[in-house]
Amino acid sequence: MTPRHFLTLLDCTPDELRGLLARASELKSLLRDGQAHESLRHRVLAMIFEKSSTRTRVSFEAGMAQLGGHAMFLSPKDTQFGRGEPLEDSARVMSRMVDIIMIRTFEHDKITRFADYSQVPVINALTDTYHPCQLLADMQTWFELRGDIRGATVAFIGDGNNMCHSYINAARQFDFHLNVAAPPGYRPDDAIVAAAGDRVSLYDDPAQAVRGAQLVVTDVWASMGQEDEQRARERVFAPYQVNAALMMLADKDALFMHCLPAHRGEEVTADVIDGPQSVVWDEAENRLHAQKALLEFLLAATPL
Ligand code: CP
Ligand code: NVA
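Attention in this report is confined to the structure presented alongside it. (Residues numbered from 1 in each chain as written. Chains lettered and ligands numbered in written order. Predicted model: local features only at pLDDT ≥ 70, side-chain atom pairs only at ≥ 80, totals over all residues. Heavy atoms only, no water.)

1. Observations regarding the pairing of strand 9 (residues 255–258)
Part 1: Alternating residues of strand 9 divide into Leu255 and Met257 and Phe256 and His258, and every residue in both groups is buried.
Part 2: Bridging between strand 8 (residues 215–218) and strand 9 involves four bridges; their strand directions are parallel. Bridge pairing in strand 9 places Thr218 opposite His258. (Buried < 20%, exposed > 50% of the residue type's maximum accessible area, 1.4 Å probe, protein only. Helix = DSSP H or I, 4+ residues; strand = E, 2+ residues; numbered from the N terminus. Pairing = 2+ DSSP bridges.)

Following this line, the structure appears as structure tokens:
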């Protein structure tokens, strides 16, 4: 049987995504009420990290433990993965031993190739192109605080990166409008934008993009793997900082989200990220609940 993967938000139907968010909130309540819920007892998650992580590692590992399963952390430093064993071979071997595999890597093509050779579900825990798990948490946060996002206006300010691409896919799947403000040369991928049709509008000017937005989102200016470009990017992105003046142009009840880690004084000022419109801590916590719902969903199709 071909396993169900989660490589982008487009791997689920809009109804499935909404179902995942509802389940995530349910699992959150169960945990808060102290009720044990071990739906993944004896299940094993392998976590391959080719890039650093705090939230993703902690949330997947804690989530598997809470659901009665086990998670193993694998870094390229300590595995044959980092010594050049073909990923197709790693996929075939690992998927005979574990129930589900999570990967954080560079080129998106690596995870699609891995998934092609895996007998078990593969979860994208960030590639250079997409970060779909973060969008589950962001959407859960919105739904819990504001209700359905259908018809809302969201502004993504900054780099047309993996987070921006996943917001574009979210606009398609959750039926909201996304305004993206990015400097020329750093806009999101043309094909990803084109596929979203009139769900997405591109702007040069962040002030125009945030006008009327109910949710303002940003991300780092230099992503993992772009550390050498940090200085050059600081110059290009300076006019794209999310600060109090920019937030004033958004809807008066607008929320602010950031996937974290954040750089205060760069893409966002401290008064915004630590201010009353920011929901970044709920957003970070929801990684745990949303991914538990995702693990249950993907494993439901493969009984022990
Ligand atoms: N937002 C996010 O994915 O954080 P980590 O890099 O800490 O996992
Ligand atoms: N765009 C950032 C997201 C980190 C969670 C990166 O890829 O480094």
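2. Concerning the layout of surface pockets
Part 1: Of the volumes computed, that of the largest pocket is approximately 390 Å³.
Part 2: Along the walls of the largest pocket sit 24 residues, with Arg104, Val220, Met224, Leu260 and Pro261 positioned nearest its centre.
Part 3: Listed by contribution, the elements that provide at least two residues to the lining of the largest pocket are helix 2 (55–66) and helix 6 (162–174).
Part 4: Within the lining of the largest pocket, the residues separate by chemical class into eight nonpolar, ten polar and six charged.
Part 5: In this structure, the second largest pocket spans a volume of roughly 200 Å³.
Part 6: Taken together, 14 residues line the second largest pocket, and the ones lying closest to its centre are Leu74, Thr79, Ser90, Val93 and Met94.
Part 7: Sorting the residues of the lining of the second largest pocket by element identifies strand 1 (44–49), strand 2 (70–74) and helix 3 (87–94) as the ones contributing at least two each.
Part 8: If one sorts the elements of the lining of the second largest pocket by residue count, helix 3 sits on top with three residues.
Part 9: Classifying every residue of the lining of the second largest pocket gives nine nonpolar, four polar and one charged. (1 Å grid on protein atoms, 1.4 Å probe; cavity = no way out; pocket = protein on both sides within 12 Å on 5 of 7 lines; lining within 4 Å. Points joined across faces, edges and corners; volume = space filled by probe spheres on them. Nonpolar A, V, L, I, M, F, W, Y, C, P; charged D, E, K, R; others polar.)

3. Digging into the sheet that holds strand 6 (residues 177–181)
Part 1: Here we have five strands laid out as an open sheet, ordered 7-6-5-8-9, and parallel in their pairing. For this open sheet the edge positions go to strand 7 (200–203) and strand 9, each flanked by a neighbour on one side alone. Averaged over all pairs of adjacent strands, the angle between their axes in this sheet comes to 20 degrees, without regard to strand direction.
Part 2: The pairing of strand 5 (residues 153–157) with strand 8 spans four bridges and is parallel. Following the sheet pairing, Val154 is matched in strand 8 by Leu215.
Part 3: Docked against the sheet, helix 5 (residues 132–146) engages strand 8 and strand 9, running at close to 160 degrees with respect to strand 9.
Part 4: Lying on the sheet, helix 6 is in contact with strand 5, strand 6, strand 7, strand 8 and strand 9; it crosses strand 6 at an angle near 155 degrees. (Axes fitted to C-alpha atoms, helices over the stretch in contact; angles between N-to-C directions. Contact = heavy atoms within 4.5 Å.)

4. Describing the site of ligand 2
Part 1: Inspection of the region around ligand 2 gives Leu126, His131, Asn161, Asn162, Asp219, Val220, Ser223, Met224, Cys259 and Leu260 as its neighbouring residues.
Part 2: Within the side chain of Asn161, a nitrogen or oxygen atom sits 3.4 Å from a nitrogen atom of ligand 2.
Part 3: Between ligand 2 and Ser223, the relevant distance is 2.7 Å, taken from a nitrogen atom to a side-chain nitrogen or oxygen of the residue.
Part 4: Taking 270 Å² as the accessible area of ligand 2 by itself, protein coverage stands at 94%.
Part 5: Put simply, ligand 2 lies in the largest pocket. (Near = heavy atom within 4 Å. Polar contact = N/O pair within 3.5 Å; in protein donor to acceptor, adjacent residues only side chain to side chain. Areas by Shrake-Rupley, 256 points an atom, 1.4 Å probe, with all protein chains shown as cover. Sits in = over half its atoms within 2 Å of the grid points.)

5. With respect to the packing of helix 3 against helix 4 (residues 108–117)
Part 1: Contact geometry of helix 3 with helix 4 gives a least axis separation of 8 Å together with a crossing angle of 45 degrees. With respect to their mutual orientation, helix 3 and helix 4 come out oblique. Handedness of the crossing formed by helix 3 with helix 4: right-handed. On helix 4, the residues that touch Leu87, Glu88, Ser90, Ala91, Arg92 and Met94 of helix 3 are Lys110, Arg113, Phe114 and Tyr117.
Part 2: When its residues are assigned to classes, the contact of helix 3 with helix 4 shows five nonpolar, one polar and four charged. (Parallel < 35°, antiparallel > 145°, perpendicular 65-115°, else oblique. Left-handed = near helix turned anticlockwise from the far one by under 90°.)

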